[in-house]
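As a plain string of letters, each chain reads:
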Amino acid sequence: MKVAILSGTVYGTAEEVARHAAKLLDAAGFEAWHNPRATLADVQAFAPQAFLAVTSTTGMGELPDNLQPLYSSIRDQLPAAWRGLPGAVIGLGDSSYGDTFCGGGEQMRELFAELGVQEVLPMLRLDASESVTPETDAEPWLAQLVSALRG
């Protein structure tokens, strides 16, 4: 199964988590693809069979600048070929920001819902005020994702 990993990061942490997820998915026998500067054409050329979004949150709960263009392109086109595909989201944030905690991840969940991507696991929320090693902290959830994608 081909899994496209879409990522948005400010300081690089979400990109590290995305790279780690790609390694774990590859090791589990999936074909993981991650390009932090991907365009919609790049994602479509990969022809994904599943999605994982890994994104941090900026400002007032927005997506990072490097994910905005891809997000907007997907939202404008809503590729019909992606309807019904499995997907999941890892949101990174800081709970001290209250209502906007993991807001970038919530935006990706909403986009997946608009696309008709089927959420196979509840969003993983990684809290910067509690997590020193988000890549490692994501591993149990990623193991569940592997099982869900196999199922």
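Residues numbered from 1 in each chain as written. Predicted model: local features only at pLDDT ≥ 70, side-chain atom pairs only at ≥ 80, totals over all residues. Heavy atoms only, no water.

The name that an unreviewed UniProt entry assigns to the protein chain is Flavodoxin, with the source organism given as Pseudomonas sessilinigenes.

A. Looking closely at the packing of helix α1 (residues 13–27) against helix α6 (residues 139–150). α6 packs onto α1 with a crossing angle of 45° between their chain directions and a minimal axis gap of 11 Å. By the angle between their directions, the pair α1 and α6 is classed as oblique. Crossing hand, α1 versus α6: right-handed. For the pair α1 and α6, the contacting residues are His-20, Ala-21, Leu-24 and Leu-25 in the first and Glu-139, Leu-142, Val-146 and Leu-149 in the second. Looking at the contact of α1 with α6, its residues break down into 6 nonpolar, 1 polar and 1 charged. (Axes fitted to C-alpha atoms, helices over the stretch in contact; angles between N-to-C directions. Helix = DSSP H or I, 4+ residues; strand = E, 2+ residues; numbered from the N terminus. Parallel < 35°, antiparallel > 145°, perpendicular 65-115°, else oblique. Left-handed = near helix turned anticlockwise from the far one by under 90°. Contact = heavy atoms within 4.5 Å. Nonpolar A, V, L, I, M, F, W, Y, C, P; charged D, E, K, R; others polar.)

B. Broad picture of unusual backbone geometry. Positive phi, normally seen in glycine, also occurs at Ala-47, with a value near 55°. If you trace the backbone, Ala-47 turns up in the loop between α2 (40–46) and β3 (50–55). For Ala-47, a relative accessible area of 41% translates into the label partly exposed. Phi at Leu-78 is positive, roughly 40°, even though this residue is not glycine. (Buried < 20%, exposed > 50% of the residue type's maximum accessible area, 1.4 Å probe, protein only.)

C. Spatial organisation of the side chain of Thr-9. Mapped onto the secondary structure, Thr-9 falls in the loop between β1 (2–8) and α1. There is a polar contact of 2.9 Å between the side chain of Thr-9 and the backbone nitrogen of Gly-12. A polar contact is formed between the side chain of Thr-9 and the backbone nitrogen of Thr-13, at a distance of 3.4 Å. Not counting chain neighbours up to four residues away, the residues in contact with Thr-9 comprise Ala-14, Glu-15, Ser-56, Pro-64 and Asn-66. (Polar contact = N/O pair within 3.5 Å; in protein donor to acceptor, adjacent residues only side chain to side chain.)

D. Layout of the packing of aromatic side chains. Tallied over the full model, the rule gives 3 aromatic pairs. Considering the side-chain rings of Trp-33 and Phe-46, the 5.4 Å spacing of their centres and the 15° angle between planes classify their relative orientation as stacked. With a gap of 13 residues between them, Trp-33 in strand β2 (residues 31–34) and Phe-46 in helix α2 connect regions that are remote in the sequence. As far as burial versus exposure is concerned, Trp-33 and Phe-46 are alike and both buried. Residues Phe-51 and Phe-112 carry aromatic rings whose centres are separated by 5.8 Å and whose planes lie at 45° to one another, so their mutual orientation is tilted. One end of the pair, Phe-51, is in strand β3; the other, Phe-112, is in helix α4 (residues 103–115), with 61 residues separating them in the sequence. (Phe/Tyr/Trp six-rings, centres within 6.5 Å; stacked < 30°, edge-to-face > 60°.)

E. Up close: the pattern of salt bridges. Taken as a whole, this structure holds 6 salt bridges when the rule is applied. Three or more residues joined by partner-sharing salt bridges are found here, namely Glu-106, Arg-109, Glu-119 and Arg-125. (Salt bridge = Lys/Arg side-chain N within 4 Å of Asp/Glu carboxyl O.)

F. Geometry of the environment of Val-3. Summarising the element assignment, Val-3 is placed in strand β1. On the accessibility criterion, Val-3 (1% relative accessible area) is buried. With sequence-adjacent residues up to four places away left out, Val-3 is seen in contact with Leu-25, Phe-30, Glu-31, Ala-32, Trp-33, Phe-46, Ala-50, Phe-51, Leu-52 and Leu-149.

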